[in-house]
Amino acid sequence: VNAAHDELKHDAAAYALGSLEPAERAAFEVHLATCAECTADVKQLRLSAGALARAVPQVSPPPSLRAKVLGQVTASPGALTPAPAAVVRDTRGLPAWLQIAALLVVGAGMFAYAQRMQARVSNLEAQLAQAQAQVASSDRLIADARNVAFRAQAAMGVFAAPDVARIDLAGQPVAVAVTLEPAGGVPAPTGERYLIGTPSPL
Amino acid sequence: MVIWLFAAVVGFPGRSSESQADDQRSLQRVAGGDAGGLGALYDKHGRAVYSLALRILGDEGDAEEVTQDVFAQAWRRAGQYDESRGTVAAWLLVMARTRAIDRLLARRVRPEGRVHEDDGLTLQQLPATNPDVASEMMAAERGQRVRRALEDLPLLQRVAIELAYFEGLSQREIAERLEQPLGTVKTRMRLGLLKLRDALVEAQP
């Protein structure tokens, strides 16, 4: 593309003047389709080329020419008709009521859309509050669990030597269990059993 | 920006957009099959179209036929006019130039082609009837300005541009005619067009 550009950019002036040979013009137009630089260049050069058309001595045509020009399009309506579907978009030509109606329709649409968006936002806010409440209650549960664990550790603290002696595993117990009891110990376990197991050799 | 520049160079100073809007309305009427729209376009631009064809072909009869062809083409293709590519006036003049050059080249191939006359001969002809005297005067003034800018160009630049635009010669043919290297011709044409554009833009009030 760059090699083509370096060669073809020198044809821009002749192209703007409409004097490239057919093959040259075809090649230049292929390049023009993909080259923004040459497209901008041609636009500039065409300003001058267009001005040349106005630089010629102005001469009035014979008055009879007007009738000939109009006669050829009106004389035989079937032979010469304009191409159908004039695709000329001109909003200035729209009636005022249609412009206002279009504005109203667009405005109503925008309002409805805004309403829907607002509903969605409050819905999401409610969900967020709910989620935040759940997080708070989970935090509380975790704190409770930490307290339980902490109190259990505290009970371990009163694991006195006589207690340890009392659960001396030398007496061939069939099972061991840990219970929570009032500080100081009791003759027989009363509380709920937590750690239950059987001794096994290490 | 480009559209504005274009209007500044080619359109009517100070009323170019108004004039272009009128032309577009006329063209819409033409697209709808209204011959009155074509009449309005002819009254405004027929003289410029005819003058360009006459400058290129040097023959009144040929210039008349080209003018008829241009407005017949405008009648058929009104719906295809694309405002982004220039004013209606520029559109008509491009068609006129293309058709006139086609005729000139066809004539050159055939032996009965006559020698191109100097355009000074037709300068004396006066505008007989014109519906819009004010815009005619402005058009004439602008045309003079373009002509002066063209005359101020270095000779090689001016001749290369004139041979390309008014004679339809290719770059190769111009190089042969002027006995200059092809690359020089290309460069001179470009420089000349750029200078012309600068002169026109500077001349705006």
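Residues numbered from 1 in each chain as written. Chains lettered and ligands numbered in written order. Predicted model: local features only at pLDDT ≥ 70, side-chain atom pairs only at ≥ 80, totals over all residues. Heavy atoms only, no water.

Moving on, we get to the overall build of chain A. The number of helices and strands found in chain A is 7 helices and 2 strands. The order of α-helices and β-strands along chain A, N terminus first, is α-α-α-α-α-α-α-β-β. Total accessible area computed for chain A in this model is approximately 14300 Å², and 64% of it derives from carbon and sulfur atoms. (Helix = DSSP H or I, 4+ residues; strand = E, 2+ residues; numbered from the N terminus. Areas by Shrake-Rupley, 256 points an atom, 1.4 Å probe, with all protein chains shown as cover.)

All right, on to the overall build of chain B then. Looking only at helices and strands, chain B has 9 helices and 0 strands in total. Ordered by position from N to C terminus, the α and β elements of chain B give α-α-α-α-α-α-α-α-α. Within chain B, buried positions represent 51% of all 205 residues. Summing over all exposed atoms, chain B offers an accessible surface of approximately 9700 Å²; the carbon and sulfur share of this is 52%. (Buried < 20%, exposed > 50% of the residue type's maximum accessible area, 1.4 Å probe, protein only.)

On to the packing of aromatic side chains, then. In this description, an aromatic ring pair is defined by two values, namely the gap between the centres and the angle between the planes. Residues and elements named next belong to chain A. Inspection of the entire model under this criterion finds 4 aromatic pairs over all chains. With 4.9 Å between their ring centres and 40° between their planes, Tyr 15 and Phe 28 make a pair best called tilted. A residue pair is termed long-range when its members are at least 10 positions apart, and Tyr 15 in helix H2 (residues 12-16) and Phe 28 in helix H3 (residues 22-32) qualify at 13 residues. Judged by relative accessible area, Phe 28 falls into the buried class, the value being 0%. (Phe/Tyr/Trp six-rings, centres within 6.5 Å; stacked < 30°, edge-to-face > 60°.)

In this structure, Leu 17 of chain A together with Leu 38, Leu 52, Phe 71, Leu 92 and Met 189 of chain B are the most contacted members of the largest nonpolar core, which totals 71 residues. Counting residues per element, this core draws most heavily on helix H3 (residues 35-57) of chain B, which supplies 12 residues. Those residues in contact with Leu 92 of chain B that sit more than four places away from it in its chain are His 45, Val 49, Val 70, Phe 71 and Ala 74 of chain B. (Core = buried A, V, L, I, M, F, W, Y, C linked by side-chain atoms within 4.5 Å. Contact = heavy atoms within 4.5 Å.)

For the rest of this paragraph, the subject is the packing of H3 of chain B against helix H4 (residues 60-77) of chain B. Helix-helix packing is described using two parameters, namely the angle between the two axes and the distance between the axes. Residues and elements named next belong to chain B. At a minimum axis distance of 8 Å, the contact between H3 and H4 shows a crossing angle of 140°. If you check the angle between H3 and H4, you find them oblique. H3 and H4 meet at a crossing whose hand is right-handed. On the side of H3, the interface is formed by Ala 35, Leu 38, Leu 41, Tyr 42, His 45, Gly 46, Val 49, Tyr 50, Ala 53, Leu 54 and Leu 57, while H4 contributes Glu 60, Asp 62, Ala 63, Glu 64, Val 66, Thr 67, Val 70, Phe 71, Ala 74 and Trp 75. (Axes fitted to C-alpha atoms, helices over the stretch in contact; angles between N-to-C directions. Parallel < 35°, antiparallel > 145°, perpendicular 65-115°, else oblique. Left-handed = near helix turned anticlockwise from the far one by under 90°.)

Okay, the side chain of Asp 41 of chain A next. Assignment of secondary structure puts Asp 41 of chain A in helix H4 (residues 36-54). If we ignore the near neighbours within four places in the chain, the residues touching Asp 41 of chain A are Ala 12 of chain A together with Arg 190 of chain B.

Once that is clear, we can look at the interface of chain A and chain B. With 48 residues of chain A in contact, the opposing surface of chain B contributes 63 residues. Summing both partners gives a buried area of about 5500 Å² for chain A against chain B, and 61% of it is carried by carbon and sulfur. Looking at the side of chain A facing chain B, the largest losses of area belong to Leu 47, Arg 54 and Val 59 of chain A, adding up to 14% of the total buried there. At the surface where chain A touches chain B, the tally comes to 6 salt bridges. Among the salt bridges present, the one from Glu 21 of chain A reaches Arg 172 of chain B, with a minimum N-O distance of 3.5 Å. Here chain A and chain B share 17 residue pairs in polar contact (both at pLDDT 80 or more) between them. At the level of secondary structure, the elements contributing two or more residues to the side of chain A that touches chain B comprise H2, H4 and helix H5 (64-74) of chain A. The element contributing the most residues to the side of chain A that touches chain B is H4 of chain A, with 13 residues. Looking at the side of chain A that touches chain B residue by residue, the classes come out as 27 nonpolar, 11 polar and 10 charged. (Buried area = accessible area lost by both parts, 1.4 Å probe. Salt bridge = Lys/Arg side-chain N within 4 Å of Asp/Glu carboxyl O. Polar contact = N/O pair within 3.5 Å; in protein donor to acceptor, adjacent residues only side chain to side chain. Nonpolar A, V, L, I, M, F, W, Y, C, P; charged D, E, K, R; others polar.)

So, on to the side chain of Gln 73 of chain B. All names here are of chain B. Looking at where Gln 73 falls in the secondary structure, it is placed in helix H4. Look at Gln 73 and you get buried, because its relative accessible area is 7%. Among residues more than four places away in sequence, those in contact with Gln 73 are Met 95 and Arg 99.

Before going further, it helps to spend a moment on the packing of H3 of chain B against helix H5 (residues 88-109) of chain B. All names here are of chain B. As a packed pair, H3 and H5 sit with axes 9 Å apart at the nearest point and diverge in direction by 30°. In terms of orientation, H3 and H5 fall into the roughly parallel class. Considering the relative orientation of H3 and H5, their crossing is right-handed. Here Leu 41, His 45, Ala 48, Val 49, Leu 52, Ala 53, Ile 56 and Leu 57 of H3 lie close against H5, whose contacting residues are Val 88, Ala 89, Leu 92, Leu 93, Ala 96, Arg 97, Ala 100, Ile 101, Arg 103, Leu 104 and Arg 107. Split by residue class, the contact of H3 with H5 holds 15 nonpolar, 1 polar and 3 charged.

As a further point, take the pattern of salt bridges. Overall, the coordinates contain 16 salt bridges over all chains when judged by the stated rule. With its nearest N and O atoms 3.1 Å apart, the salt bridge here joins Lys 186 of chain B to Asp 11 of chain A. Of this pair, Lys 186 of chain B sits in helix H9 (residues 182-202) while Asp 11 of chain A is found in the loop between helix H1 (2-8) and H2, placing the two residues in two different chains. Here Lys 186 of chain B matches Asp 11 of chain A in class, with each residue buried. Through salt bridges with shared partners, one network takes in Asp 62, Glu 65, Asp 69, Arg 99, Arg 103 and Arg 107 of chain B.

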